[in-house]
Amino acid sequence: MSALGGPGELLKGATTMDISQWPILSMLIFLPVAGAGLLFLIPWRGDFLPKALALVVAGLNLLLSLALFRAFDPSSSGMQFVEKARWIPEIGASYYLGIDGISLFMVLITTFMVPMALLSSWEQVERRPKMFYGFMLLLEAGLIGIFLALDLLLFYVFWEVMLLPMYFLIGLWGGAERRYATIKLIIYTMGGSLLMLVAILVLYFIHQGQTGEYTFDITRLYGTTIPPQALLPMGLAFFAAFAVKSPLFPFHTWLPDAHAEAPISGAVDITGLLIKTGAYAFLRFLLPLFPEFSISYAPMIVMLALIANIYGAVVATAQQDLKRLIAYSSVSHVGLVILGIFVFNLQGVEGAILMMVSIVLASGGLFMGVGMLYKRSRSKDISQMGGVWRDMPLLGGFFMFFTLASVGIPGLSNFVGEFLIFLGAFRANTFYGVLAAFVMVLTAVYLLWMFWRVMFGPSPAVARAWQDLSIGETVTLTIPAIVILLMGVYPKIFLDRIEPSAKGLLGHVEKKLVQREDLRAGYKSSTGEKVHGHRLSSR
Amino acid sequence: MDIAFPAVNLKGVLPQLVVTSFAVAGLLVDAFYRSTRMVFAISLLGLVLALLLFLSNWGKDGVYEGALLAVDNYTVFFNILFLLIAVATMLLSLHYIDLTGVDSGKYYPLILFATLGMMLLVSSMDLLLMFLSIELLSVSMYILVGSQRERWVSNEAAMKYLLMGAFASAFLLFGISLVFGATGSTSFIKIESALGGLAGGGPFLIHIGIAMMLVGLGFKIAMVPFHMWAPDVYDGAPTPITGFLSTGSKIAVFALILRLLMNPFSVPYSQWVVAFWVFAVLSMTLGNVAALLQRNVKRMLAYSSIAHAGYILIAVVAMDGRAMEAALLYMTVYAIMGLTAFGCIALLAKGEEERFSIEDYTGLAYNYPLQAVVLSVCLLSLAGIPLTAGFIGKFYLFSAAVKSGFIGLAVIGVLNSAISLYYYLGLMLRMYAMPTVAVEGMGHPLVGKLAVALLGILILVLGIYPSPLLGVIKEAVAALPAI
């Protein structure tokens, strides 16, 4: 590592602060685990107590993460609140957690959305709510673990284990075709990540060959020089694992199925939470570990992202099923996020992170609305809706708000992320920018058309007595709406904290790239040219 | 061929003698008193005593020279493992065999004899002792498999196993005689020194001999293409015995194969790597694909056990220090998983009838919460999901393969793991699905439940904190001659 000139600088200068005396990151992971343990192990009578307990645990975790947010040092680009302990010393695996500006908001949005999902499913889970809530808490723990792990093996453990609660949530509480959906989800995602395991092992041994040290510590592994012949297969293995989970076109086909069959509140987490692990992993692992791969194949990845963006929007237009429509809109939005990541400039990356948070909120809100509609209509079919506005003006209002947020109306959260991504795309290549901006129009078309059909379209002749939102439901929808507004109006609190880490990441990628070019000046002039065309630029 | 009476160090074989005498004592007690409980107690006592003796042997210097038996950390490790497997099998059988019409007076002593066969097998330093141990193990197993005399599947399984096993033994014996012909000795040490000086891995004869032996041994570990017997036998045997057969017997032969390849056949081995590569890939792939199609849980686990033999063969291909550690680790982990899986199935039986069909498992979790949780943990472990012992085992195997440069093999291994998720997780989810018909609950003995609960906890503990076991395995491997 020393020979390569301190590539761990990205993560150097881990600061310590007041509440960092506590192992706050471990608490974030293990509090939900403990909650789930209580839910599973105690033979509860009735449903209210376990539900309340789950909500309290999720709420406590949210408070904990807010405390973390307050104590977070926005000026530092390094890892904060670092916790490190030996785990399996025989193979050099450690229990190593840390948080920076990139993962901070991922954690926050997770701790925020889980109580929301619990609230929105309060009345809707009829069968065995105790288990349902337990699995939701386990899912939360797994997701937070993914965002905090700085040891590659630990990351892999969370990455895989997180799928199990997901599997149960869809498999036990899902729709009619849930068996097919769960199998597809598991085979796709685990198949992708198992190949990554082999690549992790190769990386581990390459690193050992270069430094004589067995370690999975990513801050050390960042300094590994990958031999050119191994670069493509290894990069591809990582890329595929993350692309499946993102999901990037053409690896997205599991999502609409999983999404359509998922329980309403579980689906909030699929759209938002599961998906952003993929995009996050691109930032945390693929870019810094394989900068050459990322840069030289960026044009192809960007192409896929743009195709996903357009394809998702076009297919979403044709959907009759509300859940599938939102799933394809997620495919489309994720394309935009990945575009932002692979244009390699500060605006793009910042926009991508902001966008990830924002999609969760906007699609999540939309989804909760669909859930409330489903509770009354027992249908997700758009043609069965129509004229909902007349029956439920309050729900209609919220639905409009979240639809507009998803479309990217200025003043709401999606706009900021999209705008930054467009900016970054234009700086990298005008063509990308134009194409991405064009998709905005398509997005508006399918979302607004969906809204029109649901709210104002001709309603079926059947008489229906749908109650408008209850107070609980109104509160559930109001909270994300407030956050969306806040993000749209005053994104500075978010950007301030993201920027140092994003800069640090891009700086690291560029530095490592320059080192490589110096090391192998003569290597592959053709890719060298491409690298030049893509020269990184920070603001 | 001169067979001098070897100067056996009686202290070295004391545990084996203990197991033998307690097994005989058990048979005698059965003959004169017909007290099942007493036979059980005597057999268990013998196993525990032998276990204690072995524990005191741990960490001492190896004894080989001029002896038939090796007593070093490697063999002690496996002996302890076999004894533990036998204890677990006995605890899981306790109630089950009374229900299913097995003559328990012979059953427990036979488990002891089979265990003795495994113990001698892994310790043997001579081809003849090796053959005798395999026969002891196999004959005991033939009887155990057929011990449910009322059920015709059990009889069919025993007959099939016996016929095929005898055939395999013939191959093994023929291989041994060829090796003897080529090297002039049956002692591992002498064979090695005879082969060591020869260029090109020895004469052609030795390769034919190894091939024949491989057929015989490959049959015992149910390696594709010698696996045909396994599904029928595993399906027909009493379930605790299926667990015993799929873990103990398989591991014993694997431990022997590793020793053979390390020690006497290290020179010709280099020309067998490709063959083992092919066997590994075939076993993994065929096992997993066939398991996908099964509707019978025991047959599904039988095919999955073939696949797991394929995973262990990855270590045989890679064959260096790390691979040896991986092999030992995986065998230990597999022993726990196999016992747990079949133990849970035995404890999910309703009365005299077992639940074979996958449909019978729908919604079982609500009547048998403990068994369902443990079986789920075990299935996750078999699938290699992190935080279970199975993941650590697979991780070690794949890392050994990658380290030795067999990246293709590691990729095939992980793809197979992905396939296996389908049937393992499918069964798991089924147990938690809403039951379509009412499932009648039924009590099961506390001992068995405690045993599987303990095994399940062990799977999780080893998955989260494997370091102590890894340390022990490192010492065990260090006892073998360096590669």
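A few points on the structure. This one's a predicted model, so the numbers in the text were calculated from it and none came from an experiment. (Residues numbered from 1 in each chain as written. Chains lettered and ligands numbered in written order. Predicted model: local features only at pLDDT ≥ 70, side-chain atom pairs only at ≥ 80, totals over all residues. Heavy atoms only, no water.)

With that settled, consider the environment of Ala 157 of chain B. Residues and elements named next belong to chain B. Residue placement: Ala 157 occurs in helix α6 (residues 152–183). With relative accessibility at 1%, the residue Ala 157 sits in the buried group. On a C-alpha basis, the gap between Ala 157 and Asp 235 in space is 7.8 Å, while along the polypeptide they are 78 residues apart. Ala 157 has contacts with Val 145, Asp 232, Val 233, Gly 236 and Ala 237, leaving out every residue within four places of it along the chain. (Helix = DSSP H or I, 4+ residues; strand = E, 2+ residues; numbered from the N terminus. Buried < 20%, exposed > 50% of the residue type's maximum accessible area, 1.4 Å probe, protein only. Contact = heavy atoms within 4.5 Å.)

On to helix α18 (residues 446–464) of chain B, then. In this model, α18 of chain B (19 residues) spans 27 Å end to end at C-alpha, consistent with the 27 Å of a helix rising 1.5 Å per residue. Along α18 of chain B, the positions that sit buried rather than exposed are Gly 448, Ala 451, Val 452, Ala 453, Leu 455, Gly 456, Ile 459, Leu 462 and Gly 463 of chain B. (Expected span 1.5 Å × (residues − 1).)

This paragraph deals with a nonpolar patch on the surface. A cluster of nonpolar side chains, contributed by Ile 187 of chain A together with Val 289, Leu 292, Leu 293 and Tyr 422 of chain B, occupies part of the molecular surface with about 400 Å² of accessible area. Secondary-structure assignment places Val 289 of chain B in helix α12 (residues 273–292). Note on Val 289 of chain B: relative accessible area 37%, which makes it partly exposed. (Patch = residues over 30% accessible without salt bridge, like charges linked within 9 Å, V, L, I, M, F, W, Y side chains within 5 Å. Areas by Shrake-Rupley, 256 points an atom, 1.4 Å probe, with all protein chains shown as cover. Salt bridge = Lys/Arg side-chain N within 4 Å of Asp/Glu carboxyl O.)

Turning to the packing of helix α16 (residues 389–403) of chain B against helix α17 (residues 407–432) of chain B, a few remarks are in order. All names here are of chain B. Contact geometry for α16 and α17: axes closest at 7 Å, N-to-C directions at 155°. As far as their axial angle goes, α17 and α16 are roughly antiparallel. Crossing geometry of α16 relative to α17 is assigned as left-handed. Between α16 and α17, the contacting residues are Lys 394, Phe 398, Ala 401 and Val 402 on the first element and Ile 407, Ala 410, Gly 413, Val 414 and Ser 417 on the second. (Axes fitted to C-alpha atoms, helices over the stretch in contact; angles between N-to-C directions. Parallel < 35°, antiparallel > 145°, perpendicular 65-115°, else oblique. Left-handed = near helix turned anticlockwise from the far one by under 90°.)

This part is about the pairing of strand β2 (residues 93–99) of chain A. All names here are of chain A. β2 sits mainly inside the fold: seven of its seven residues count as buried. Sheet topology note: the strand β1 (residues 80–88)/β2 ladder contains six bridges and is antiparallel. The residue of β2 that forms the bridge with Ile 88 is Ala 93. Counting the residues between successive antiparallel strands, the hairpin from β1 to β2 contains four residues, one of them, Gly 92, with a positive phi of roughly 80°. (Pairing = 2+ DSSP bridges.)

Functional significance is not addressed by these values, which are geometric in nature.
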